[in-house]
There are 4 protein chains.
Amino acid sequence: MPTETAKDAGDHFRHSYSKDRAQLLRRLSRMEGQVRGIARMIERDEYCIDILQQTSALRAAVESVSLLVMEDHVAGCLRTAVETGDAAAYTEEVMDVVRRSLGRPVRARATAD
Amino acid sequence: MPTETAKDAGDHFRHSYSKDRAQLLRRLSRMEGQVRGIARMIERDEYCIDILQQTSALRAAVESVSLLVMEDHVAGCLRTAVETGDAAAYTEEVMDVVRRSLGRPVRARATAD
Amino acid sequence: MPTETAKDAGDHFRHSYSKDRAQLLRRLSRMEGQVRGIARMIERDEYCIDILQQTSALRAAVESVSLLVMEDHVAGCLRTAVETGDAAAYTEEVMDVVRRSLGRPVRARATAD
Amino acid sequence: MPTETAKDAGDHFRHSYSKDRAQLLRRLSRMEGQVRGIARMIERDEYCIDILQQTSALRAAVESVSLLVMEDHVAGCLRTAVETGDAAAYTEEVMDVVRRSLGRPVRARATAD
């Protein structure tokens, strides 16, 4: 349905990351361990540089989870664009997550939400 | 044609940013002025903090040009996905530019190029 | 002692972040909660965009912890530079964490580690 | 003079990057060429991905100039801290450029500018 909006179609791919769910949950569980490890380092007054190395690793882990969720979202957008034939709406939907991931203002060029 | 590869289909949206071309060229011309302005500040031994403010502004300008080119590329991917019906290939194409823009290794999950 | 190396002097500020320790531990404990919250969202198949918002918040939290540890390290470098009179060694030490925090190659301009 | 403020002392290292001036000017001149190259690519409707590769290279060039200016500023802060004996003021001065370079709010922990 080309007239369907991105918001309605959102339900179509609401579960699109579920195939990666096990992988995501494993990574998040490891990440929880990383956070606790950094807390232990701070309790033990370990060297700043070693702590910064661990916070860098944690940041990379967060980014890799984001990227995986983003990929599933983009895949959902593409599938729904193909189903609905509405390329423009899903371009906006994709650029929305791209801008967010780059920390830029969202929907910078769109006139409506 | 669902069997068409992303590479062949690339020609379909090769010119997709042309509607934004005037805007892009204006921004690049302004950016050239910014670079020359920073050079002048260095020649005049201006204060580091003031120079860093200008390099920040320049970096933001570069990112906004990238985002505009990326948006045109993503729009092309979506249009071609709708035309060809091949959502998966264009998901990879979109994620490729997203990963590049985040400075992450390209096509991290793909097995082939 | 101007002849003391940055490495030896490291002991001087090994515990420099201890005044911020309570704050750091509180933030890390909150961060652990954030990670578990994201895992729950994934288990419940929540919407990608909502998950990405939470991973962004988590990334910001990681960066704020890094910045706090970095600030304590920089404070330690400055104090030790003043004590030892060796500005050059601690400039390298400070730039080392700055480059790391920007994800750039470490000690790019130094000839030795 | 330990009572001298960071602002007054700023004059001490106002010219601290001058030894790198030739290198900075060479890089900026090359950068101007990069900007013109990107404009030419857009005029010729070249492929988005190729353009994004060039904007990435340009962003890296901007960051390397920032890092060089920042290094000179940090070196100046360290020298002045050693001269004045005021480690705390120059810690704030250094963290100020670090936060700016990370795109974080400036002087987040200071009460006054």
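Residues numbered from 1 in each chain as written. Chains lettered and ligands numbered in written order. Predicted model: local features only at pLDDT ≥ 70, side-chain atom pairs only at ≥ 80, totals over all residues. Heavy atoms only, no water.

Draft legend 1. Main features of the interface of chain C and chain D. The interface is formed by 28 residues belonging to chain C together with 29 residues belonging to chain D. Summed over both partners, the interface of chain C with chain D buries about 2,400 Å², with 69% contributed by carbon and sulfur atoms. Across the chain C-chain D interface, the total number found is two salt bridges. For E71(C), the salt bridge is made with R99(D), and the minimal N-O distance between the two is 3.1 Å. In this assembly, chain C and chain D are joined by two residue pairs in polar contact (both at pLDDT 80 or more). (Contact = heavy atoms within 4.5 Å. Buried area = accessible area lost by both parts, 1.4 Å probe. Salt bridge = Lys/Arg side-chain N within 4 Å of Asp/Glu carboxyl O. Polar contact = N/O pair within 3.5 Å; in protein donor to acceptor, adjacent residues only side chain to side chain.)

Draft legend 2. Seen up close, helix 4 (residues 87–101) of chain B. All names here are of chain B. Between its first and last C-alpha, helix 4 extends 21 Å over 15 residues, near the 21 Å set by a 1.5 Å rise per residue. Along helix 4, 12 of the 15 residues are buried, which leaves the element largely enclosed by surrounding structure. Once helix 4 finishes, G103 follows within two positions and takes phi at roughly 70°, a positive value. (Helix = DSSP H or I, 4+ residues; strand = E, 2+ residues; numbered from the N terminus. Expected span 1.5 Å × (residues − 1). Buried < 20%, exposed > 50% of the residue type's maximum accessible area, 1.4 Å probe, protein only.)

Draft legend 3. Spatial organisation of empty space enclosed by the protein. Under the defined criterion, the tally for this structure stands at three cavities of 30 Å³ or more. Space inside the largest cavity adds up to approximately 50 Å³. Every residue lining the largest cavity is listed: L52(B), T55(B), S56(B), R59(B), S66(D), M70(D), V97(D), R100(D) and S101(D). Every element with two or more residues in the lining of the largest cavity is listed here: helix 3 (48–84) of chain B together with helix 3 (48–84) and helix 4 (87–101) of chain D. For the lining of the largest cavity, the leading source of residues is helix 3 of chain B, giving four residues. Classifying every residue of the lining of the largest cavity gives three nonpolar, four polar and two charged. (1 Å grid on protein atoms, 1.4 Å probe; cavity = no way out; pocket = protein on both sides within 12 Å on 5 of 7 lines; lining within 4 Å. Points joined across faces, edges and corners; volume = space filled by probe spheres on them. Nonpolar A, V, L, I, M, F, W, Y, C, P; charged D, E, K, R; others polar.)

Draft legend 4. Seen up close, the relation of the copies chain A and chain C. Once turned by 180° and shifted 0.0 Å along the axis, chain A lies on chain C with an RMSD of 0.0 Å. Expressed as a symmetry operation, the mapping of one chain copy onto the other fits a two-fold axis. The overlap is high: 100% of the interface residues of chain A also sit at the interface in chain C, so the same surface is used on both sides. (Least-squares fit on C-alpha atoms with pLDDT ≥ 70 in both.)

Draft legend 5. Molecular detail of the relation of the copies chain C and chain D. It takes a turn of 180° to lay chain C on chain D, together with a shift of 0.0 Å along the axis; the resulting RMSD is 0.0 Å. Here 100% of the contact residues of chain C are again contact residues in chain D; the copies associate through an equivalent surface.

Draft legend 6. Structural context of the interface of chain A and chain C. At the interface, 43 residues of chain A touch 44 residues of chain C. Roughly 4,000 Å² of surface becomes buried between chain A and chain C when both sides are summed, with 68% attributable to carbon and sulfur atoms. By the criterion of area lost to chain C, the three top residues of chain A are D45(A), Y47(A) and R59(A), representing 16% of everything that side buries. Where chain A touches chain C, the interface holds four salt bridges. Between R21(C) and D45(A) there is a salt bridge, with the nearest N and O atoms lying 2.9 Å from each other. Applying the counting criterion to the chain A and chain C interface returns nine residue pairs in polar contact (both at pLDDT 80 or more). The dominant element in the side of chain A that touches chain C, judged by the number of residues it contributes, is helix 3 (residues 48–84) of chain A, at 15 residues. For the side of chain A that touches chain C, a count of residues per class yields 22 nonpolar, nine polar and 12 charged.

Any functional reading would require information that these geometric values do not contain.
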